[in-house]
Amino acid sequence: VNHAAATGTGTGVLGDTKTLNTDSYSSGYYLRDITKPMYSTGGKIETYTANYGTALPGTLLTDADNVWTDRAAVDAHYYAGKTYDYYYNKLGRNSFDNRGATMKSTVHYSRNYNNAFWNGTQMVYGDGDGRQFTSLSGALDVVAHEITHAVTERTAGLVYEYQPGALNESFSDVLGNLVENKNDPKWLLGEDVTTPGIAGDALRSMSNPNEYDQPDHMNEYRNLPNTREGDWGGVHINSGIPNKAFYNFVTTPGITKDNAGKIWYRALTQYLTSYSQFVDARNATIQAATDLFGANSTEATAVANAWTSVGVV
Ligand SMILES: Cc1cccc(C(=O)O)c1OC(=O)C1CC1
Ligand SMILES: [Zn+2]
């Protein structure tokens, strides 16, 4: 059966209408995007449902008339495509492995599941419990955050504990917001899917980490145990420090989001390694800015000042 690219429409988690890249087959459509450059070597974007179970990847979603009503699936698919586009067009990376690997997402994972994760092979999204979260694929910053965990795993390999783990989390928050590209002065994370009953809140804030109980300076670094209860040494807590450094950098006059993304991406993929500490991230981002814009450039100077401002010297 020959595959042909088709254009469908779908309703997203927040009730919005989106145009979807789908794949037509004999008697219907697959939720499969075969329009990306990676398709030249077989790479696709595919979206599955776990049907509220935990077997992965579950079932590839199909539809008879190319009008898609599974809201979590619509957003997982559409936002994975947007994330692919950012990495390819802005950073020259071809999927998470830079070799055009197929990007698989599964929605409706388990029940009332307040979590989203990269499991080493694919993205997985819960539907939330309707109080803490709504379906987690409903936010582009969340989807790009998860896909960036895959990029980090394939490049720097920052281990998910203590300072390297907090850097791992921070790079996902940074790229999550750069891909989402909202005019959000607070650079929030997860604002579209957290507490559907409460407006204006989020999981984290890069402009003011303290607002969500994260440190924003080394003198507030939290020494936590490398356990589940200790958030693996505080990877989602101490990430406030590199997050604040990035915020201070990207809001410096003369610094553009695109150039900030290029610098952070170059540091992640060319200089950082498994056990890099915050000070290594300082040096890696200064070196990346120097490589791209010169030693005394506005960028290189602003990067150094940003890390100094959060006590990483
Ligand atoms: C919701 C959630 C729970 C646990 C881990 C993560 C994780 O991926 O680290 C997670 O997703 C996020 O943090 C995204 C950015 C909002
Ligand atoms: Zn994460």
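Scroll up a little and you will see the structure.
What this report covers is the structure whose coordinates are included nearby. (Residues numbered from 1 in each chain as written. Chains lettered and ligands numbered in written order. Predicted model: local features only at pLDDT ≥ 70, side-chain atom pairs only at ≥ 80, totals over all residues. Heavy atoms only, no water.)

1. Comments concerning unusual backbone geometry
Okay, step 1: A cis amide bond links L56 to the next residue, P57, at an omega of 0°.
Okay, step 2: Within the element layout of this structure, P57 appears in the loop between β5 (45–49) and β6 (59–60).
Okay, step 3: Positioned with a positive phi, N51 is a non-glycine residue whose angle comes to about 55°.
Okay, step 4: Locating N51 in the fold gives a position in the loop between β5 and β6. (Helix = DSSP H or I, 4+ residues; strand = E, 2+ residues; numbered from the N terminus.)

2. Topic: the packing of aromatic side chains
Okay, step 1: Summed over all chains, the structure comprises 14 aromatic pairs.
Okay, step 2: Taken together, a centroid distance of 6.3 Å and an interplanar angle of 85° make the contact between Y86 and Y87 edge-to-face. You'll find Y86 and Y87 in the same group, each marked buried.
Okay, step 3: Between Y221 and F278, the ring centres sit 6.0 Å apart and the planes meet at 70°, which makes this aromatic pair edge-to-face. Of this pair, Y221 sits in the loop between β13 (204–205) and α4 (231–234) while F278 is found in helix α7 (residues 278–293), placing the two residues 57 residues apart along the sequence. Here Y221 and F278 have matching classes, each one buried.
Okay, step 4: Grouping aromatic residues by their ring pairs yields a cluster made of W187, F246, F249, W264 and W307.
Okay, step 5: Looking at R32, its charged tip hangs above the ring of Y30, at a distance of 4.5 Å from the centre. (Phe/Tyr/Trp six-rings, centres within 6.5 Å; stacked < 30°, edge-to-face > 60°. Buried < 20%, exposed > 50% of the residue type's maximum accessible area, 1.4 Å probe, protein only. Lys NZ or Arg CZ within 6 Å of the ring centre and 35° of its normal.)

3. Here we look at the site of ligand 1
Okay, step 1: Taken together, 13 residues sit near ligand 1, with E146, E169, L203, R204 and H236 positioned nearest.
Okay, step 2: Between ligand 1 and E169, the relevant distance is 2.8 Å, taken from an oxygen atom to a side-chain nitrogen or oxygen of the residue.
Okay, step 3: A distance of 2.7 Å is found between an oxygen atom of ligand 1 and a side-chain nitrogen or oxygen belonging to H236.
Okay, step 4: For ligand 1, whose unbound accessible area comes to 390 Å², protein coverage reaches 87%.
Okay, step 5: A per-element tally of the shell around ligand 1 places helix α2 (residues 140–154) first, with 4 residues. (Near = heavy atom within 4 Å. Polar contact = N/O pair within 3.5 Å; in protein donor to acceptor, adjacent residues only side chain to side chain. Areas by Shrake-Rupley, 256 points an atom, 1.4 Å probe, with all protein chains shown as cover.)

4. Observations concerning the packing of helix α3 (residues 162–180) against helix α6 (residues 257–271)
Okay, step 1: Packing of α3 against α6 leaves a shortest axis separation of 11 Å and a crossing angle of 150°. One finds that α3 runs roughly antiparallel with respect to α6. Both α3 and α6 take part in a crossing whose hand is left-handed. Only K257, G261, W264 and L268 of α6 make contact with α3, whose side of the interface consists of F171, V174 and L178.
Okay, step 2: Here the contact of α3 with α6 is composed, by residue class, of 5 nonpolar, 1 polar and 1 charged. (Axes fitted to C-alpha atoms, helices over the stretch in contact; angles between N-to-C directions. Parallel < 35°, antiparallel > 145°, perpendicular 65-115°, else oblique. Left-handed = near helix turned anticlockwise from the far one by under 90°. Contact = heavy atoms within 4.5 Å. Nonpolar A, V, L, I, M, F, W, Y, C, P; charged D, E, K, R; others polar.)

5. Concerning the packing of helix α1 (residues 71–91) against α2
Okay, step 1: The geometry of α1 relative to α2 is characterised by a closest axis approach of 9 Å and an angle of 55° between their N-to-C directions. Regarding the angle of α1 to α2, the classification is oblique. Crossing angle aside, the handedness with which α1 passes α2 is right-handed. For the pair formed by α1 and α2, the contact residues are Y79, A80, K82, T83 and Y87 on the first element and L140, V143, A144, I147, T148 and V151 on the second.
Okay, step 2: Of the residues assigned to the contact of α1 with α2, the class counts are 8 nonpolar, 2 polar and 1 charged.

6. Description of the sheet that holds strand β7 (residues 62–63)
Okay, step 1: Spatial strand order, β7-β3-β2-β1-β8: 5 strands in an open sheet with mixed pairing. One side of each edge strand has no neighbouring strand; the edge strands of this open sheet are β7 and β8 (67–68). (Pairing = 2+ DSSP bridges.)

7. Remarks on the coordination of the zinc ion (ligand 2)
Okay, step 1: With distances of 2.0 Å, the protein atoms coordinating the zinc ion (ligand 2) are H145 (NE2), H149 (NE2) and E169 (OE).
Okay, step 2: On the primary sequence, the residues serving as donors to the zinc ion (ligand 2) are separated as H-x3-H-x19-E. With H145 and H149 both in helix α2, this residue pair falls 4 residues apart, about one helical turn. There is no split in this pair, since H145 and H149 are both buried. (Donors = N, O, S within 2.8 Å, 3.2 Å for Na, K, Ca; no water.)

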